[in-house]
Amino acid sequence: MTSAFLRLEALGKSFGKHAVLESISLDIERGEFLTLLGESGSGKTTLLRILGGFEQATAGRILLDDLPLDAIPPHRRPVHTVFQNYALFPHMSVFDNVAYGLRVRGCGRDEMSSRVDAALEKVHMERFAKHFPRQISGGQKQRVALARALVNRPQVLLLDEPLSALDANLRLEMQRELKLLQREVGITFIFVTHDQSEALAISDRVVLLRHGKIEQSGTPRAIYSTPRTAYAASFLGKSNLVSGMVHHGLADCGAFSVPVNLRDGPVTFSLRPECIAPSPGAVQFAAEVVTEQFHGADSLLTLRCATGLELSARVAGSHNGGVFAFNPQDLVPLEQE
Amino acid sequence: MTRARLVTLLPFAWIALFLFTPYCLLFCYSFWSLDAGQQVIRHATLANYLHLATTPLYFTVILRSMRIAFSVVSLSLLIGYPLACFLVFHAGKYRRILYQAVIIPLWISYLVRAYAWKVIFGNEGVLNTLLLWCHAIPHPLGFLLYSPFAVIVTLTHIYVPFVVLPVVASLEKIPHELIESSSDLGATAWQTFTRVILPLSLPGVLSGATFAFLLSFGDFLAPLLLGGPSSVMIANIVANLFGADYNWPLGAAVAVLILVMVLVIVTITQRLERRWRSA
């Protein structure tokens, strides 16, 4: 049997009667950058804690290279965690923090020292080896926390919202560095975040969790361009949810009608604001501009059609209303919930 | 004067009246002396301090007080640290009730707790009776009561909560992620304890140990009630000088000496604590 590098099989976790995770099945490839995305309470952190060995699943199992991971206690797993608040040891220098994992495993002095130096160099923190955690900034702590985990050469690195405490600019910079680092070391990263733009920017694959279940998973582009449900559409980026009625291959949404390959009945579509542009286009409709929010690179318009339907449109210039259009393939039918 | 200013001055007035003034009086007294009729002569002299320096008895008693206080600290840590660890990491839902159980003895009068040990350690006390009954010993153990042993056990019993409370506070302050992170990085439970938990709880250990040391060093009731001649402590000497001997100037000089020693110890421990905190 060929199987994935890391396989989750029908993983479940409940506290008493309250189910936090339900039948999570997922195959993760070696060297993949996977993001678990979800709101607070979606179970993403619990899933990460189960992988890290800090919590036990109440159902299902985890296989790493076909071997069950569940039986291995946290301190023996080839899996390391980077915690949300970095969890650096305040009484140890940066060097000692990074050396910790090697020291407790009884690594020789010379090997330890050269590996720690190499790890610090990889995250550009070699000049801070003698500093204590309280003497360095948040972004630097983040780098040290990464080095401390990577120096042990884990097979899987778990990252629990590691960038959430950083300010916006530093966050973007760290996202870029994380991605570079991940490619360089080739370790499987499992990244938890509630920030959809971060998830899209950083991952090879996004797993959207909702109420302890997988809502949708796929590459950032796939999950963004073809959301499966209204929840996925509105959680990942901004989306117009347009409801209509299908009759004989034509979806009537009031302001416009679109030919579709769907069964007769009610339907909801997702239409991304950036898919709407001033005409020309295949599907056209007239609308007035209610509000305009200027964002620098583009503007977000709120359009109101004659039927009362309101749509958001992301356009480059300024507009006073008139005819707008989109392509029919941008209208993504959603599963009814 | 405004009302607000009055309120801020009040604590200073309190300290001046009830702390500073008595210490000043004590300090003055320590330089005065007694005449033949035991009347205080208010002329500054170093006679009291010279007497202290030239009488070996005081040195012996101070050394003994330190030894007893040190034993009390060691025993209190030996009992208090594991207890604090248990309370913080393993007690689960019983934590609150066990924590209360540590505090409740503080509500009981010191005298009652000291006398309880008399009942246990006496020749016909609980312990001797029990040992005799099961033929573990031929006749009652005499060293149990009226000995440094009894004083140390009693003081340990009384001051263990003073060690447990600050240690619990410092253990509680250790973020849980640090412990998880240590285990995540491959440390065994014991390695996590020695490398993370213990070093981070040292400030609590230090303040608990300082409390226990200073309180037992200055204790006079336990040696009075349970100690014999071999366990007279420095505070008993002060009590005697101010009481039966009616030599307030000499008593004041001993008290000032104790005060200075205490200040030295507190300064050292505070320095240490600051160093650990910043490290």
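Note that this is a predicted model, so its numbers are computed, not measured.

Draft legend 1. View of the overall build of chain B. A count of helical and extended segments in chain B gives 12 helices and two strands. Along the chain direction, N to C, the helices and strands of chain B fall in the order α-β-β-α-α-α-α-α-α-α-α-α-α-α. Viewed in the frame of its principal axes, chain B has a C-alpha envelope of about 75 × 70 × 40 Å. Burial statistics for chain B: of 279 residues in total, 32% are counted as buried. Taking the intrachain contacts of chain B between residues at least 6 apart in sequence as the baseline, contacts between residues at least 24 apart amount to 71%.

Draft legend 2. Quick peek at the interface of chain A and chain B. Counting from both sides, the interface comprises 17 residues of chain A and, opposite them, 16 residues of chain B. Residue composition of the side of chain A that touches chain B, grouped by class: seven nonpolar, eight polar and two charged.

Draft legend 3. Layout of the confidence of the model for chain B. Residue and element names in this part refer to chain B. Mean pLDDT over chain B works out to 90, with 99% of the residues at or above the 70 mark. When mean pLDDT is taken per element in chain B, helix H3 (residues 56-90) scores highest with 95 and strand E2 (residues 40-41) scores lowest with 86. In the predicted complex, the global pTM is 0.82; the interface-specific ipTM is 0.83.

Draft legend 4. Expanded view of the pairing of strand E17 (residues 299-305) of chain A. Residues and elements named next belong to chain A. Looking at chain direction, strand E16 (residues 283-294) and E17 are connected through seven bridges and run antiparallel. Bridge pairing in E17 places Ala287 opposite Cys305. Counting the residues between successive antiparallel strands, the hairpin from E16 to E17 contains four residues, one of them, Gly296, with a positive phi of roughly 100 degrees. Pairing between E17 and strand E18 (residues 310-315): six bridges, direction antiparallel. Within E18, the position partnered with Thr302 by the bridge is Ser312. Two successive antiparallel strands, E17 and E18, enclose a turn made up of four residues, where Gly308 displays a positive phi of approximately 95 degrees.

Draft legend 5. Inspection of the sheet that holds strand E9 (residues 205-210) of chain A at higher detail. Residue and element names in this part refer to chain A. Here six strands make up an open sheet; going across it, the order is E6-E7-E8-E3-E9-E10 and the pairing mixed. Pairing within the sheet leaves two strands with one partner each, and these edge strands are strand E6 (79-82) and strand E10 (213-218). Taking each pair of neighbouring strands and ignoring which way they run, the sheet shows an average axis angle of 20 degrees. When strand E3 (residues 33-37) meets E9, the two strands line up parallel, connected through four bridges. Across the sheet, the residue bridging to Thr35 is Val206, located in E9.

Draft legend 6. Fine view of the domain arrangement of chain A. The assigned domain composition of chain A is domain 1 (6-227) and domain 2 (238-334). Placing the centre of domain 1 of chain A and that of domain 2 of chain A at their C-alpha centroids yields a distance of 39 Å.

Draft legend 7. Main features of unusual backbone geometry. Residue and element names in this part refer to chain A. Of note in the backbone geometry, Arg153 takes a positive phi value of approximately 50 degrees without being a glycine. Along the chain, Arg153 turns up in the loop between helix H4 (138-150) and strand E7 (156-160). With phi around 45 degrees, His211 is a residue other than glycine that occupies positive phi space. Within the fold, His211 resides in the loop between E9 and E10.

The rules behind the values
- The residue numbers shown here count from 1 along each chain, following its written sequence.
- Chains carry letters from A onward and ligands carry numbers from 1 onward, assigned in written order.
- Totals for whole chains, interfaces and linings use all residues, but because this is a predicted model, local features are given only for residues with pLDDT of at least 70 and pairs of side-chain atoms are given and counted only at 80 or more.
- Helix and strand labels come from DSSP, where a helix needs a run of H or I of at least four residues and a strand needs a run of E of at least two; each type is numbered from the N terminus.
- Whether a residue is buried, exposed or partly exposed follows from its count of other C-beta atoms within 10 Å of its own C-beta, namely 20 or more, 12 or fewer, or something in between, respectively; the C-beta atoms are built from the backbone.
- Contact definition: two residues whose C-beta atoms, as placed from backbone geometry, lie within 7 Å.
- We call Asp, Glu, Lys and Arg charged. Ala, Val, Leu, Ile, Met, Phe, Trp, Tyr, Cys and Pro are nonpolar, and the rest, Gly among them, are polar.
- pLDDT measures how confident the predictor is about each residue, on a scale from 0 to 100.
- Any two strands with at least two DSSP bridges between them are considered paired.
- Note on definitions: angles span 0 to 180 degrees between N-to-C directions of axes, and those axes are lines fitted to C-alpha atoms, for helices only across the stretch in contact.
- Domain boundaries shown here were taken from an automatic or database domain assignment.

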